[in-house]
Amino acid sequence: MDNILQGLNAAQRTAVESPASVVQVLAPPGSGKTKTLTARVAHLIAHRQLQPWNIIVCTFTVKAASEMKERIKSFVGEDLAKQLKLGTFHSVALRYLKHYGQHIGLPKDFGIADTSDSKAILKRIIKKLGMSIEPGQALGRISSRKAKGEVDSKPGKGPKSVDQQEFLRLFEEYEATLAASNLLDYDDLLLRCRFLLKSHPQCVSNVEAVLIDEFQDTNNIQYELMGLFAQQYNRITIVGDPDQSIYGFRSAEIKNLSRMKKQWPDTITINLEENYRSSGAILHAAQNIIEQDESRPPKRLQATHTFGLRPVLRKLPTAYAEAEWLVSEIKRMRALSGNSIQLSDFAVLLRSAALSRAIETALGNTGIPYRMVGGQRFYDRAEVKLVVDYLRVIHQPENSEAVERVVNDPSRSVGDTSIRKLREEAERKGVSLWSVILDISQGRCTTDMKLNEATRKGLASFVNVILSGRKKMESWSTEPPSVTALINVVSQKIGLEAHLRRKHSGDETFEARWSNVEELMAQATEITASGKLNELVESQRLPQVEGLDQTTESAEDVLSVFLANIALTASAEKKAEEDGEKIQQVTISTIHAAKGLEWPVVFIPACYDGSIPHSRADDHDEERRLLYVGMTRAQALLYLSCPIKNTQREETTISAFLTHQGAGRYFDEHGPSLPSSAVASLCTTLRRECPTEACFLETRKTVDSDEDNHWPLNGEEVFAESNRWDSGATGNALPGFGTARHIPTVQASTLHQKQVYSTASATMQAGFTSVKDRYDNLMEQAQLRKVDKRAEEKKSAEEAPKGRKRLMDGQGTITGMFAKKQRPSTEPSAPSQPSFKSARPLQPMSASASNTHPGPLPAARPPLPTHKPRSAPLTRKPSKQTDENDATGDRYMFLSSSPQKGDDEPPPAKNDEAEDQEEANDVVPAFRPASTLHTTSMSSATTTRKTLGVRRSLQGWSARKS
DNA sequence: ACGAAACGGTTTTTT
DNA sequence: ACCGTTTCGT
């Protein structure tokens, strides 16, 4: 407990120990935000004698919540940590509603409507009312209304537009439908909780401190909730960073920062300014981007690392070329580093999940394992959802949404028309859909509806399934509850396995789908496992407060707990380690989902207008911040890239954020060279064994080229040159380490005049299909086609892109299903993991102490890179090292060197202006002992593993057994 | 008339 | 993978 302050810098300590009751910590990326917040929690418990169960900590994501819990554990131990009231706003709100909902007339055992429920409801109402609004849009409008808290007040003044009136009508119907199905949507959880805490302040009379993570993401309701949680003692600590506000679309209000200062005038603000994550070069670039927002108050952000390698901004012909380039860079980095950069060190961050397709294909074709986070979520998978929806009906038959979704799946001859009739009947009688169906199946139907005999039969079999499930559940009063058994009942009754097999006979996804079902059962088993349930109920319990009754959960509520957690966790994360070793896979993630995480190497593809900023985004400042957040996830190397044609083969414009004024000067046009000296320093700083020279030789052979030189720098198609496709065959074997030959090739019309391309390529290994090989192959075929075409009609060169696209489609790699894509037949390496189960992003690398030290380091900060038309990649002086003993977990940086390969000799000065030339052949490893507790999620996780030996992957309700 | 299968076009971000 | 539309089959 006394190590709480260890490894904190002055500003962080101030924040942790501050006696002020209301504290704002403004913390830019990588500055130790979470570390500070967790240390403060520990401090409150250890030194201010607060009881953990009287402390509320709110985060925005489940992942952030479990990470925080892990960290606090390492400070105060598991026993105390698990008593904290820690979770997402929604889960904390749910907890209060479960316990005290009775006092505000909330029916007990309400369900949670997820987005698809809400959309389905809206869609139906829209159709019924003959409106034209899109369900998604309507939901957004409703949600933002709710989030702003305008829901109770109905200012009836002023004539409303027709549109407004229509919307209000829709809103009302939507609310009525939710109520009829006994459902609360996400916003309702917060709204009702606010109402509860306003009307029954006793609920939170015990709360001594409230801490909020990522405060810039709070919306009005969450802000009010924060104040309500803290209403007894007004002790609040928040951490946040306005620059990282990327949830405006969810009604986050940056203004809440100033609102808070106004509401609690004695608020003190502490600024963290030192970045412990990224190299100076990355930070400079990111800083330049964020500063384009002129309305933003200037803020200091201090690099503590050396300058390192410049970020890359790479142009490529198409999204497919971009994906292949990305893969080739991963391979190149790995090979040139003697495999000391691992697959788990790479992340690909995307503006939208849909962009992953080309990249998944390219990775799959190369056999590089990856996993996608933040895209399709486990519980959204059709087959999982199906089972879950059956459980929802069993748990809560009045949930007509769920009933409607499963009544005809598997097909029971109950089509849209029949459902509509049933629904109308239910409305007429004022009862639930389920009770109408039940009546019909039991021959108790008073009104004679014209239903097919087949339909009647189908309804009967549906009722049978549900009743069997309910019977099973009733048995739980006498025997231990098992959700797994319940799932089994459902699965048997509906013949799930056969159903899935039939449904997916064409697409070979059955295996993956069935294994998803099995995974769901495994998770159900976990929650039901002996002890787990009690533990869970225990951790959810709220302290008794005087004069207010609580509803307590009992064994019969297992299903309820299980379902609520599914609704609030969204993604079941798989463990990221196997036998203490990280699973080696590349992470693909949306930028949103990557917030708070970091990786040694980060790619941000598709940096074009329409993607970032997104075409449907109206707040470009937020889009800019999004890019900033993405960029600042990178520790050592950052790649941005842009296909000059998008997936629809339209020309793209590179993102305005990257062309703004002199933004270009922060980037290199191609991936960096990696001479052995850089690798050596890299390995030392990564605390990975430096590969032997023999190893280098081995691994270097596996890439086609030592340099990022396969695609022209201006993004043009490669087809322009006719001499290109045989270069692979004539490539020379690498004569010796670092002495690859340069074969200058003149590129067709590059923007820069003196492009020198090294086409030195290593010998291909038999059976190894390299990107280049494949590419050359494609080109050859494309050329052939072209010739053919030319024979019949007189068309020429412009067709090349089309030809290529068609070829790629023809391979079946673009349109195939995931499972297919990932298990390509011609694999040089291990097949990738199915991406159906999304998983917790890996924690990239070790950050533990090193006992070597490179010696005295220059104190000066490097100058900003100056603009050069085309610079030889610059070598940078190591930047100022911050005080050695803050030791807050610096890791490494590798200093770039010149693009020349002969790293034994000083690289020739290509460019007279190359600054810092005197250092050009120097690679200075700069590292310091890292603390045991680090600012960032990644290193903390690593550290946790180091100290505990076992890293638990905790996710909301299910902790894995170690 | 109704339901199922086959096809074609599209996808912001999250609790 | 999802959604709406069209077509085919009872």
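Here the structure is a predicted model, which is why all the values come from computation and not from measurement.

**What about the UniProt feature "binding site: ATP" (unreviewed entry) in chain A?**
- Here, the residues flagged by UniProt with the feature "binding site: ATP" (unreviewed entry) are Ala-27, Pro-28, Pro-29, Gly-30, Ser-31, Gly-32, Lys-33 and Thr-34.
- Counting through the fold element by element, Gly-30 comes out in the loop between strand 1 (22-26) and helix 2 (33-47).
- The class for Gly-30 is buried, based on a relative accessible area of 7%.
- One can find Ser-31 in the loop between strand 1 and helix 2.
- A polar contact of 2.7 Å, which involves the side chain of Ser-31, links it to the backbone oxygen of Pro-28.

**With respect to helix 2**
- The end-to-end C-alpha distance of helix 2, which contains 15 residues, comes to 20 Å, matching closely the 21 Å that a straight helix rising 1.5 Å per residue would cover.
- Extensive coverage of helix 2 is indicated by the burial of 14 of its 15 residues.
- Note on helix 2: the residue one or two positions beyond its end, Gln-49, has a positive phi of about 55°.

**Structural notes on the sheet that holds strand 13 (residues 370-373)**
- Pairing within the open sheet is parallel, and its six strands lie in the order 11-18-17-12-16-13. Each edge of the sheet is formed by a strand with only one pairing partner; in this case those strands are strand 11 (312-316) and strand 13. Adjacent strand axes in the sheet meet at a mean angle of 20°, parallel and antiparallel pairs treated alike.
- Strands strand 11, strand 12 (346-350), strand 16 (586-590), strand 17 (599-604) and strand 18 (634-643) of the sheet are contacted by helix 13 (residues 319-336), whose axis makes an angle of about 155° with strand 18.

**What to know about the protein's contact with DNA strand B**
- By nearness alone, 27 residues border DNA strand B, and Arg-351, Ser-411, Thr-417, Ser-418 and Arg-616 come closest of all.
- The sugar and phosphate moieties of DNA strand B supply 63% of its atoms located within 4 Å of the protein.
- In this structure, a base oxygen belonging to DNA strand B sits 3.4 Å away from a side-chain N or O atom of Thr-115.
- Between DNA strand B and Thr-590 there is a distance of 3.1 Å, counted from a phosphate oxygen to a side-chain nitrogen or oxygen.
- Secondary-structure elements contributing two or more residues to the surface near DNA strand B are helix 17 (416-429) and helix 25 (591-594).

**Thoughts on the environment of Ala-46**
- In this fold, Ala-46 is placed in helix 2.
- Here Ala-46 falls in the buried class, since its relative accessible area comes to 19%.
- Sequence separation between Ala-46 and Arg-259 is 213 residues; the distance between their C-alpha atoms is 31 Å.

**Considering the packing of aromatic side chains**
- For the coordinates displayed, the defined rule picks out 14 aromatic pairs.
- Considering the side-chain rings of Phe-167 and Phe-171, the 6.0 Å spacing of their centres and the 50° angle between planes classify their relative orientation as tilted. You can see Phe-167 and its partner Phe-171 sitting in helix 8 (residues 162-180), four residues apart, about one turn around the helix. Taken as a pair, Phe-167 and Phe-171 share a single burial class, namely buried.
- Here a set of aromatic residues connected by ring pairs shows up, and it is made of Trp-325, Phe-346, Phe-603 and Tyr-639.
- A cation sits over an aromatic face here: Arg-141 above Phe-167, 4.1 Å from the ring centre.
- The lysine or arginine in question, Arg-250, covers the ring of Tyr-247, its NZ or CZ lying 4.5 Å from the ring centre.

**So, the pattern of salt bridges**
- Under the counting rule described, the total for this entry stands at 41 salt bridges.
- Residue Asp-117 is joined to Arg-392 by a salt bridge in which the shortest nitrogen-to-oxygen separation is 2.6 Å. Taken together, the positions of Asp-117 in helix 6 (residues 115-129) and Arg-392 in helix 15 (residues 382-395) put the pair 275 residues apart, joining distant regions of the chain. There is no split in this pair, since Asp-117 and Arg-392 are both buried.
- Residues joined in a network through salt bridges with shared partners are Lys-33, Asp-213, Glu-214, Asp-217 and Lys-595.

**Remarks on the layout of surface pockets**
- By volume, the second largest pocket amounts to about 1100 Å³.
- Elements represented by at least two residues in the lining of the second largest pocket include exactly helix 6, helix 8, helix 16 (400-406) and helix 17.
- When its residues are assigned to classes, the lining of the second largest pocket shows eight nonpolar, four polar and 15 charged.

**As for the packing of helix 9 (residues 186-199) against helix 10 (residues 220-229)**
- The geometry of helix 9 relative to helix 10 is characterised by a closest axis approach of 10 Å and an angle of 30° between their N-to-C directions. The orientation of helix 9 relative to helix 10 falls into the category roughly parallel. In terms of crossing hand, the pair formed by helix 9 and helix 10 is left-handed. On helix 10, the residues that touch Leu-190, Leu-191, Cys-193, Arg-194, Leu-197 and Lys-198 of helix 9 are Ile-221, Gln-222, Glu-224, Leu-225, Leu-228 and Phe-229.

**As for the packing of helix 19 (residues 453-474) against helix 20 (residues 483-493)**
- Close contact between helix 19 and helix 20 brings their axes to 9 Å; oriented N to C, the two are set at 160°. The orientation of helix 19 with respect to helix 20, classified from their angle, is roughly antiparallel. You can see that helix 19 and helix 20 cross each other, and the crossing is right-handed. Contacts between helix 19 and helix 20 involve Asn-464, Val-465, Ser-468, Gly-469 and Lys-472 from the former and Ala-485, Leu-486, Val-489 and Lys-493 from the latter.
- Taken together, the residues of the contact of helix 19 with helix 20 break down into four nonpolar, three polar and two charged.

**With respect to helix 17**
- For helix 17, built from 14 residues, the straight-helix expectation of 20 Å at 1.5 Å per residue is met to within 8% by its first-to-last C-alpha distance of 20 Å.
- Looking only at helix 17, the buried set comprises Ser-418, Ile-419, Leu-422, Arg-423, Glu-425 and Ala-426. The arc that holds every buried residue of helix 17, seen down its axis, measures 160°, which confines them to one face. Opposite the buried face of helix 17, at more than 90 degrees from it, the exposed residues are Asp-416, Glu-427 and Arg-428.
- Residues of helix 17 that are buried in the fold lie against helix 6, helix 16, helix 18 (433-441) and helix 19.
- Of the residues flanking the end of helix 17, it is Gly-430, one or two places downstream, whose phi is positive at about 70°.

**Structural notes on the sheet that holds strand 6 (residues 209-212)**
- Strand order in the open sheet formed by six strands is 3-2-6-7-1-8, and the pairing between neighbours is parallel. Each edge of the open sheet carries a strand with a single partner, namely strand 3 (85-88) and strand 8 (268-271). Averaged over neighbouring strand pairs, the angle between their axes works out to 15° when direction is ignored.
- As judged from the three bridges shared by strand 6 and strand 7 (residues 236-240), these two strands associate in the parallel manner. Along strand 7, the bridge assignment pairs Val-210 with Ile-236.
- Contacts between helix 5 (residues 89-100) and the sheet are confined to strand 2 (55-59), strand 3 and strand 6, with strand 3 contributing the most and set at about 125° to the helix.

**Things to note about the nonpolar core**
- Within the largest apolar cluster, 52 residues are counted, with the highest numbers of intra-cluster contacts made by Tyr-390, Leu-391, Ile-437, Phe-462, Val-483, Leu-520 and Phe-562.
- It is helix 15 that contributes the most residues to this core, eight residues altogether.
- In contact with Phe-462, not counting residues within four places along its chain, are Tyr-390, Val-393, Val-403, Val-406, Val-407, Arg-412, Trp-434 and Ile-437.
- Core analysis: the next-biggest nonpolar cluster, separate from the first, contains 47 residues, Leu-26, Cys-58, Phe-60 and Phe-89 among them.

**Re the confidence of the model for chain A**
- For chain A, per-residue confidence averages 72 on the pLDDT scale, and 68% of positions sit at 70 or higher.
- When the criterion is pLDDT under 50, residues 720-962 qualifies, and its contacts beyond four places in sequence or with other chains add up to 565 contacts.

**With respect to the side chain of Ser-400**
- Its place among the elements puts Ser-400 in helix 16.
- When its relative accessible area of 8% is taken as the criterion, Ser-400 is described as buried.
- Filtering out sequence-adjacent residues up to four positions away, Ser-400 remains in contact with Ser-181, Arg-423, Ser-432 and Leu-433.

**Digging into unusual backbone geometry**
- In this structure, the amide linkage connecting Asp-409 to the following residue, Pro-410, adopts the cis form with an omega of 5°.
- With an omega of -5°, the peptide bond between Ile-612 and Pro-613 qualifies as cis.
- Relative to the helices and strands, Pro-613 resides in the loop between strand 17 and helix 26 (620-631).
- A positive phi angle, close to 60°, is found at Asn-339, a residue other than glycine.
- Exposure remark for Asn-339: the relative accessible area of 39% places this residue in the partly exposed category.
- In this model, Gln-661 sits at a positive phi of 40°, which is unusual for a non-glycine residue.
- In this structure, Gln-661 sits in the loop between helix 27 (656-659) and helix 28 (676-686).
- Taking relative accessible area as the criterion, Gln-661 reaches 70% and is therefore assigned exposed.

Reading guide: rules and limits
Residues numbered from 1 in each chain as written. Chains lettered and ligands numbered in written order. Predicted model: local features only at pLDDT ≥ 70, side-chain atom pairs only at ≥ 80, totals over all residues. Heavy atoms only, no water. UniProt positions renumbered as here; feature names shortened; annotations may be inferred. Helix = DSSP H or I, 4+ residues; strand = E, 2+ residues; numbered from the N terminus. Buried < 20%, exposed > 50% of the residue type's maximum accessible area, 1.4 Å probe, protein only. Polar contact = N/O pair within 3.5 Å; in protein donor to acceptor, adjacent residues only side chain to side chain. Expected span 1.5 Å × (residues − 1). Pairing = 2+ DSSP bridges. Axes fitted to C-alpha atoms, helices over the stretch in contact; angles between N-to-C directions. Contact = heavy atoms within 4.5 Å. Near = heavy atom within 4 Å. Phe/Tyr/Trp six-rings, centres within 6.5 Å; stacked < 30°, edge-to-face > 60°. Lys NZ or Arg CZ within 6 Å of the ring centre and 35° of its normal. Salt bridge = Lys/Arg side-chain N within 4 Å of Asp/Glu carboxyl O. 1 Å grid on protein atoms, 1.4 Å probe; cavity = no way out; pocket = protein on both sides within 12 Å on 5 of 7 lines; lining within 4 Å. Points joined across faces, edges and corners; volume = space filled by probe spheres on them. Nonpolar A, V, L, I, M, F, W, Y, C, P; charged D, E, K, R; others polar. Parallel < 35°, antiparallel > 145°, perpendicular 65-115°, else oblique. Left-handed = near helix turned anticlockwise from the far one by under 90°. Arc of directions from axis to C-beta. Core = buried A, V, L, I, M, F, W, Y, C linked by side-chain atoms within 4.5 Å. pLDDT = per-residue confidence, 0-100.

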